[in-house]
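Here is what each chain is made of, one letter per residue.
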Amino acid sequence: MSDVQILLSGTLFTITLIALAIAFHAFTSMKTPGARVFGILCVASAIYTVGYAMELMNASLQAIDFWGKFQYVGLSFIPALWVLLSIDYGNNRTRYNNVFYFFLLMVPMITVFMRFTNEVHHLYYTEMSLVSNGHFTLLQFTKGPWYYVHVVYFIACGIYSTRNYIVLSQRTKALMRIQSLIMASASIIPMIAILMNVAGVFPYGVDAGPFAVFFVFMLLMFGMYRYNILSLIPKARDKAFDWIQDGVLVLDMNFRLIDMNTAAKKYFRQLTLLKNGAELEDVFAHQETIARRIRTWSPDPQRVADDLSFEVEDELNGSLRHFSVRLSRLYENAIQIGTIIILSDVTVAKNMMEQLANLARVDEMTGLMNRRYFFERIHYEVDRANRNGSSLSLILFDLDHFKNVNDRFGHAAGDLILRNVADCCRQALRNVDLFARFGGEEFIVYLPDCSLSDAIDVAERLRGSIEKEITFYMGNEIRITASFGVSNHDCAVQGECLDINELIRAADEASYIAKREGRNRVQMHIRPVESTSGV
């Protein structure tokens, strides 16, 4: 997860906990008119914010769609609850009949139904896809007809709630008038969030609505009851601290442990045995690299954001895990007061990067090097041969009559033959040899520190292995042969700065001669390969 992702999700989790704490307080302690409706509004908002926090933390369309549906369990009813709150706050419940309440709640119920069944009718979102903002993945959608119904309903309820509070302010005394105007202001904030979403001005392209919830709660709480909401924030922050999936440790100026969250104990089991005040070397008893980097790190005191990031490996539950470690000095009034350590399990991302890198250099059909990676590797080998003055050789071979095999038995049989040829030749080569599929049914072998005569022996060994190989396919025994071309360059005799393309061309010419002279044979290049002034 990116730092931005952690910040936004952590903020939403904190808002969720604040909303639930306010809801609990509203249900158990508040006697203000509308307190029960306000508590339900807080619960609905908490469902909305925690759902969006989980949406931001996921990267698959299926998971994001799931949490998007989860949000609508709360989001759909927030406009109706605004209206009910404005009615209860003004003690006007008796002025409305059951038909009004039925239609008020019918729209959000239909919205929930539409969102959960969107895959069937596509009336809410006509299309959904994923897009990256450079930090994390977001849901991108095309709005359907009912989406606009929901937006219009949302705005209409906000306007109606605001109107109720303004009317109430006009017929009440000074203190109540101020509180009513504060409540009206709270009803306007979500509409501003909607406009920000439409204009696309909220940072990172995220939905402004969940973040606006915090400011709405602040105003609603102040308007309904003089309750010190700040007393809830440390508790909510503590909960969010433990909810974060990344491990977080806080050290004092003497590198002693003063706090850590649950995830840190999960990643490094020895932490469960330690108490606050433990020394740095005890905290990372099995990770000396982290302890050493922390003690030797000297950030620029003029740059508060001068953080340090690196990666370490550790064994967790019997498997090797990769962790990203981020160190940040804590400052107060430009004076350092401690260090915060964030440990992120990046094993999945690391493995995915390795898989992508492997796909970029491996031929999918045979498991051999692909042509691009072969050229990348061979240039290093040529440089080494030039420095050491050693002899190097190339073998290029092409399967005989391979097109006839494809035409007679089908491409699936041809693919199986290519894999079998790759496997039998791989077993006949050294670990230091470079073996690649050069294209189609053509293969290439680079033999470092190998003379021409030795290269010819290797080619004969490969030719014999291919000739003996039998491919069984759908009751058929398929045999195939190959024609080989061999070229060589002796740096000690012919000089350095070998042109590898010339060496390949020479081996290619030799393989064509082998085909012309009957196939299933090895042909060395009969002319010396000329060296050039550079690779």
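On a predicted model such as this, the values are computed, not experimentally measured, just so you know. (Residues numbered from 1 in each chain as written. Predicted model: local features only at pLDDT ≥ 70, side-chain atom pairs only at ≥ 80, totals over all residues. Heavy atoms only, no water.)

Novice: How should the environment of Val-206 be read in this particular structure?
Specialist: By secondary structure assignment, the location of Val-206 is in the loop between helix H8 (174–199) and helix H9 (209–224). Judged by relative accessible area, Val-206 falls into the buried class, the value being 4%. The sequence separation of Val-206 and Thr-137 amounts to 69 residues, and the corresponding C-alpha distance is 10.0 Å. Look past the residues within four positions of Val-206 in its chain and what remains in contact with it is Leu-8, Tyr-52, Leu-56, Phe-136, Leu-138, Asn-197 and Phe-211. (Helix = DSSP H or I, 4+ residues; strand = E, 2+ residues; numbered from the N terminus. Buried < 20%, exposed > 50% of the residue type's maximum accessible area, 1.4 Å probe, protein only. Contact = heavy atoms within 4.5 Å.)

Novice: What should I look at first to understand the nonpolar core in this one?
Specialist: Note on soluble globular proteins: their nonpolar side chains tend to be buried together. In terms of nonpolar packing, the biggest core is built from 68 residues, with Phe-38, Leu-41, Leu-56, Leu-85, Val-206 and Leu-220 touching the most fellow members. Of all the elements, helix H2 (residues 35–57) adds the most residues to this core, at 13 residues. The residues contacting Leu-41, other than those within four sequence positions of it, are Ile-78, Leu-81, Trp-82, Leu-85 and Leu-220. If you look at the next biggest cluster of nonpolar residues, it comprises 33 residues, including Ile-395, Leu-399, Ile-417 and Val-445. (Core = buried A, V, L, I, M, F, W, Y, C linked by side-chain atoms within 4.5 Å.)

Novice: What's the story with a nonpolar patch on the surface in this structure? I'm lost.
Specialist: Taken together, the side chains of Val-348, Met-352, Met-353, Leu-356 and Leu-359 define a hydrophobic patch exposed on the protein surface, amounting to about 550 Å² of accessible area. With respect to the helices, strands and loops of the structure, Leu-359 is situated in helix H14 (residues 347–361). Its relative accessible area of 59% is what places Leu-359 among the exposed residues. (Patch = residues over 30% accessible without salt bridge, like charges linked within 9 Å, V, L, I, M, F, W, Y side chains within 5 Å. Areas by Shrake-Rupley, 256 points an atom, 1.4 Å probe, with all protein chains shown as cover. Salt bridge = Lys/Arg side-chain N within 4 Å of Asp/Glu carboxyl O.)

Novice: Where do I start with the sheet that holds strand E14 (residues 522–524) in this structure?
Specialist: Two orientations exist for strands paired in a sheet by backbone hydrogen bonds: parallel and antiparallel. Here we have five strands laid out as an open sheet, ordered E9-E10-E8-E13-E14, and mixed in their pairing. Edge strands, defined here as strands with exactly one partner in the open sheet, are strand E9 (434–439) and E14. For this sheet, the mean inter-axis angle between neighbouring strands, taken without regard to orientation, is 20°. As paired strands, strand E8 (residues 391–399) and strand E13 (residues 482–490) are joined by nine bridges and run antiparallel to one another. Looking at E13, one finds that Ser-393 is bridged to Asn-488. (Pairing = 2+ DSSP bridges. Axes fitted to C-alpha atoms, helices over the stretch in contact; angles between N-to-C directions.)

Novice: How do you make sense of the packing of H2 against helix H4 (residues 78–89) when you look at a structure like this?
Specialist: Pairs of packed helices are described in terms of their axes, by the angle between the two and the distance that separates them. Taken N-terminus to C-terminus, the directions of H2 and H4 make an angle of 160°; their axes are 9 Å apart at the nearest point. Here H2 is positioned roughly antiparallel relative to H4, judged by the angle of their axes. The two elements H2 and H4 meet at a crossing, and its hand is left-handed. Along the contact surface, H2 presents Val-37, Phe-38, Ile-40, Leu-41, Ala-44, Ser-45 and Tyr-48, while H4 presents Ile-78, Leu-81, Trp-82, Leu-84, Leu-85 and Asp-88. (Parallel < 35°, antiparallel > 145°, perpendicular 65-115°, else oblique. Left-handed = near helix turned anticlockwise from the far one by under 90°.)

Novice: Looking at this structure, how should I read the pattern of salt bridges?
Specialist: When the charged atoms of two side chains with opposite charge come close together, those side chains can pair. Under the criterion given, the structure shown has 19 salt bridges. Here Glu-281 makes a salt bridge to Arg-295, at a shortest N to O gap of 2.7 Å. Of this pair, Glu-281 sits in helix H12 (residues 280–283) while Arg-295 sits in helix H13 (residues 288–296), and the two are 14 residues apart along the sequence. Between Lys-515 and Asp-398 there is a salt bridge, and its shortest N-O distance comes to 3.1 Å.

Novice: Looking at this model, I keep getting lost on the environment of Arg-426. Mind explaining?
Specialist: Note that Arg-426 resides in helix H17 (residues 411–427). With a relative accessible area of 36%, Arg-426 lands in the partly exposed category. Separated by 58 residues in the primary sequence, Arg-426 and Leu-368 place their C-alpha atoms 8.8 Å from one another. Here Arg-426 is in contact with Thr-366, Gly-367, Leu-368 and Phe-435, once residues within four sequence places are set aside.

Novice: Can you help me understand the pairing of E9 in this one?
Specialist: Along a regular strand, successive side chains alternate from one face of the sheet to the other. For E9, the buried fraction is high: five of the six residues fall into the buried class. Taken together, the five bridges between E9 and strand E10 (residues 442–447) define a ladder with antiparallel strand orientation. Bridged to Gly-439 within E10 is Glu-442. Between E9 and E10, which pair antiparallel in sequence order, lie two residues; one of them, Gly-440, sits at a positive phi of approximately 60°.

Novice: Help me out: how do you make sense of unusual backbone geometry in this one?
Specialist: Among all residues save glycine, negative phi is the norm, and among peptide bonds the norm is trans. Phi at Phe-255 is positive, roughly 60°, even though this residue is not glycine. Relative accessible area serves as the criterion here: at 15%, Phe-255 is assigned to the buried category. Here the phi dihedral of Arg-519 falls at roughly 65°; this positive angle occurs in a residue that is not glycine. Within the secondary structure layout, Arg-519 lies in the loop between helix H20 (500–516) and E14.

Novice: Explanation requested: the packing of helix H3 (residues 61–75) against helix H5 (residues 98–116) in the structure shown.
Specialist: Put simply, H3 and H5 touch, their axes get as near as 9 Å, and they point 170° apart. Comparing the axis directions of H3 and H5 gives the class roughly antiparallel. Contacts between H3 and H5 involve Asp-65, Gly-68, Lys-69, Phe-70, Tyr-72 and Val-73 from the first element and Thr-111, Val-112, Arg-115 and Phe-116 from the second.

Novice: Is there a simple way to explain the layout of surface pockets in this structure?
Specialist: Over the atoms, a rolling probe the size of a water molecule traces out where space has been left empty. Within this model, the largest pocket holds a volume of roughly 1000 Å³. Split into classes, the residues belonging to the lining of the largest pocket amount to 29 nonpolar, nine polar and four charged. (1 Å grid on protein atoms, 1.4 Å probe; cavity = no way out; pocket = protein on both sides within 12 Å on 5 of 7 lines; lining within 4 Å. Points joined across faces, edges and corners; volume = space filled by probe spheres on them. Nonpolar A, V, L, I, M, F, W, Y, C, P; charged D, E, K, R; others polar.)

Novice: When you look at the side chain of Arg-115 in this model, what are you seeing that I'm missing?
Specialist: Mapping Arg-115 onto the fold places it in helix H5. With relative accessibility at 1%, the residue Arg-115 sits in the buried group. Here Arg-115 is in contact with Asp-65, Gly-68, Lys-69, Tyr-72, Tyr-124, Tyr-125 and Met-128, once residues within four sequence places are set aside.

Novice: Would you mind showing me how to read empty space enclosed by the protein here?
Specialist: Evaluated as defined, the whole model comprises two cavities of 30 Å³ or more. What the second largest cavity holds in volume is close to 30 Å³. Lining the second largest cavity are Trp-82, Leu-85, Tyr-165, Ala-186, Ser-187, Val-216 and Leu-220. Elements supplying a minimum of two residues to the lining of the second largest cavity: H4, H8 and H9. Classifying every residue of the lining of the second largest cavity by side-chain character gives six nonpolar, one polar and no charged.

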